Amino acid sequence: MQLSKSESLFAEAQNYIPGGVNSPVRSFKAVGGTPPFIARGQGAHVWDVDGNEYIDYLGSWGPLVLGHSHPAVVEILKKTAEGGTSFGAPIEQEVVLAKLICSGLPSVDSVRLVSSGTEACMSAIRMARAFTGRDKIIKFAGCYHGHADGLLVKAGSGALTHGIPTSAGVPESYARETLVAEYNDIESVEKFFLANPKSIAAIILEPVAGNMGVVPPADGFLQEIRKITQDNGTLLIFDEVITGFRVGPNGAQGLFGVTPDITTMGKIIGGGLPVGAYGGRKDIMDVVAPLGAMYQAGTLSGNPLAVSAGIITLTELQKPGTFERLDTLSQRLTEGLTDAFHKAEIPSTINRVGSMFTGFFNPGPVAGLSDAEASDTEMYGRYFHAMQEQGVYIAPSQFEAGFVSTAHTEADIDATISKVSAALISLR
Ligand SMILES: *Cc1c(COP(=O)(O)O)cnc(C)c1O
């Protein structure tokens, strides 16, 4: 049988790259089969090297809130590249992006740019430890904060899909500093404060979980976390790598009205180029070198290309009606999906916050990790392939978020709903 171009590329890739991919979530381990190699993207659509077209809801795992190759992003990238791609010295655009971030997130007085969400979270934890003089942190099972040692404990997403509860290579002594609580369960947090008085530096969490599939915070959960951290001299870190400038102009903290001490960002603020950031209260940020004793650095941090793409993305998002439009489109999609699943008599729960959503093969409600894990992943795998067949690109795992961008049109959404109905028929 003739191999497709993607199949031969994937076979070749496996000779040179572990598993043929540069991030495990891109392999199709959870759903089987060969990942299509993508040739190009335009707006809400991508094309693979075999010429198949897909309506894209992966959005590069979150950054592409404006869709692929947005004209304003492409233009600034060309212009910036012509003037030099890296200097390792301050540039004006860094100040512009930092100001945009600080004005979007009032809890952020100052912000340090890095090159990935992983770096942002790793640095934020180090900063919290430096500021409090404490070692332990609390994270939640199923929340992902990048792959730094000590955060790779029950890390959700790729780790969940690949059945790796805690990564090999993380010293047990190191993992012991990470206490793992249950999302949306305040008692699981209180327990740790009782057992570890005055030794917890920070709680880090996704204010809307996105890496066990989308799970919104339960009513009052973020407020309770805010209170218990304040009462115990513990810093609160919101990991807004997905939610920042996604669920609203002021992130999840604006949407839910809860103010963290530190915020980590990534994805959208780089407009599809490698960026991360961590920021927060001025007195905390003052511990970062060169002002303070906590060291953190980066050769390509504040890179001109990445920063320029971020500025354009945040500026586009500020245009009136943008978030309303994202919300309306996303609602149209998830209502259509709910209907389609209902008609096909397939038990499902669709969780959505703004333009991030997950359809769980699960009668629900899906309010935490154990609910998410009870989903029918075998059925998801078959659905995934049926959707590929229909020309819709979604995450190759049940435990991921889907994303709507400003490039999606009503026609894209309606076409998607028809394709979902067709895919569901083939599942029965
Ligand atoms: C993607 C993600 C990260 C890690 O960001 P990278 O840029 O992939 O290192 C951290 N936290 C959350 C919530 C994420 O979704």
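**Student:** Outline the sheet that holds strand β3 (residues 53-56), listing residues and values.
**Tutor:** Reading across the sheet, the four strands line up as β1-β2-β3-β13 and stay open at both edges, with mixed pairing between neighbours. Edge positions in the sheet fall to β1 (38-42) and β13 (392-393), since each of these pairs with one other strand and no more. As paired strands, β3 and β13 are joined by two bridges and run parallel to one another. By the bridge assignment, D56 is partnered in β13 with Y393.

**Student:** Please provide a residue-by-residue account of the site of the ligand, values included.
**Tutor:** As a matter of local geometry, the ligand sits amid S116, G117, T118, Y144, H145, G146, E206, N211, D239, V241, I242 and K267. Note that an oxygen atom of the ligand is positioned 2.8 Å from one of the backbone N or O atoms of G117. Within the side chain of K267, a nitrogen or oxygen atom sits 2.7 Å from an oxygen atom of the ligand. Relative to its unbound accessible surface of 380 Å², the ligand loses 83% to contact with the protein.

**Student:** How would you sum up the environment of E172? Please name residues and give values.
**Tutor:** Residue placement: E172 occurs in helix α6 (residues 172-175). Sequence-wise, E172 and L235 are 63 residues apart; in three dimensions their C-alpha atoms are separated by 24 Å.

**Student:** Describe the packing of aromatic side chains, with residues and values.
**Tutor:** Considering all chains together, one arrives at twelve aromatic pairs under this definition. Relative to F384, the ring of F28 has its centre 5.0 Å away and its plane inclined at 90°; by these criteria the two rings are edge-to-face. Here the residue F28 occupies a position in the loop between α1 (5-16) and β1, and F384 occupies one in helix α14 (residues 377-390), the gap between them amounting to 356 residues. Accessibility expressed as a relative area gives 4% for F28, which makes it buried. Ring geometry for Y54 against Y393: centres 5.6 Å apart, planes inclined by 75°, an arrangement best described as edge-to-face.

**Student:** Which residues make up the pattern of salt bridges, and what values do they have?
**Tutor:** Oppositely charged side chains are able to pair whenever their charged atoms sit close together. Scanning the model with the defined rule gives twelve salt bridges in all. We note a salt bridge from K136 to E177, for which the minimum N-O separation is 3.4 Å. Here the residue K136 occupies a position in strand β5 (residues 136-140), and E177 occupies one in the loop between α6 and β6 (178-181), the gap between them amounting to 41 residues. The exposure class assigned to E177 is partly exposed, which follows from its relative accessible area of 24%. One salt bridge connects D414 with R332, and the closest N-O pair in it is separated by 2.8 Å. With D414 in helix α15 (residues 410-427) and R332 in helix α12 (residues 322-343), the pair connects residues that are 82 residues apart, well separated along the chain. Assessed through its relative accessible area of 32%, D414 is described here as partly exposed. Connected via shared salt-bridge partners are R226, D261, R281 and D283.

Cut-offs and rules
- Throughout, residues of each chain are indexed from 1 in the direction in which the sequence is written.
- Since the coordinates come from a predicted model, pLDDT governs what is reported: local features require at least 70, and pairs of side-chain atoms require 80 or more to be given and counted, while whole-chain, interface and lining totals use all residues.
- Values reported for side chains reflect all heavy atoms of the structure, with hydrogen atoms and water molecules removed beforehand.
- Here a strand pair is declared whenever DSSP counts at least two bridges between the two strands.
- Helix and strand assignments come from DSSP, with helices taken as H or I runs of at least 4 residues and strands as E runs of at least 2, each series counted from the N terminus.
- One heavy atom within 4 Å of a molecule or strand makes the whole residue count as near it.
- Whenever two N or O atoms come within 3.5 Å, that pair is a polar contact, provided that in protein one can donate a hydrogen and the other can accept it, and provided that, for residues adjacent in sequence, both atoms are side-chain atoms.
- Where accessible areas are quoted, they stem from the Shrake-Rupley method and a 1.4 Å probe; at the residue level, only the protein chains shown are allowed to cover.
- Two aromatic rings, drawn from Phe, Tyr or Trp (for Trp, its six-membered ring), form a pair once their centres lie within 6.5 Å of each other, and the interplanar angle then sorts them: stacked below 30 degrees, edge-to-face above 60, tilted otherwise.
- The rule is simple: take the accessible area with a 1.4 Å probe, protein chains only, and divide by the maximum for that residue type; under 20% is buried, over 50% is exposed, in between is partly exposed.
- What makes a salt bridge here is a side-chain nitrogen of Lys or Arg within 4 Å of a carboxyl oxygen of Asp or Glu, nothing more.

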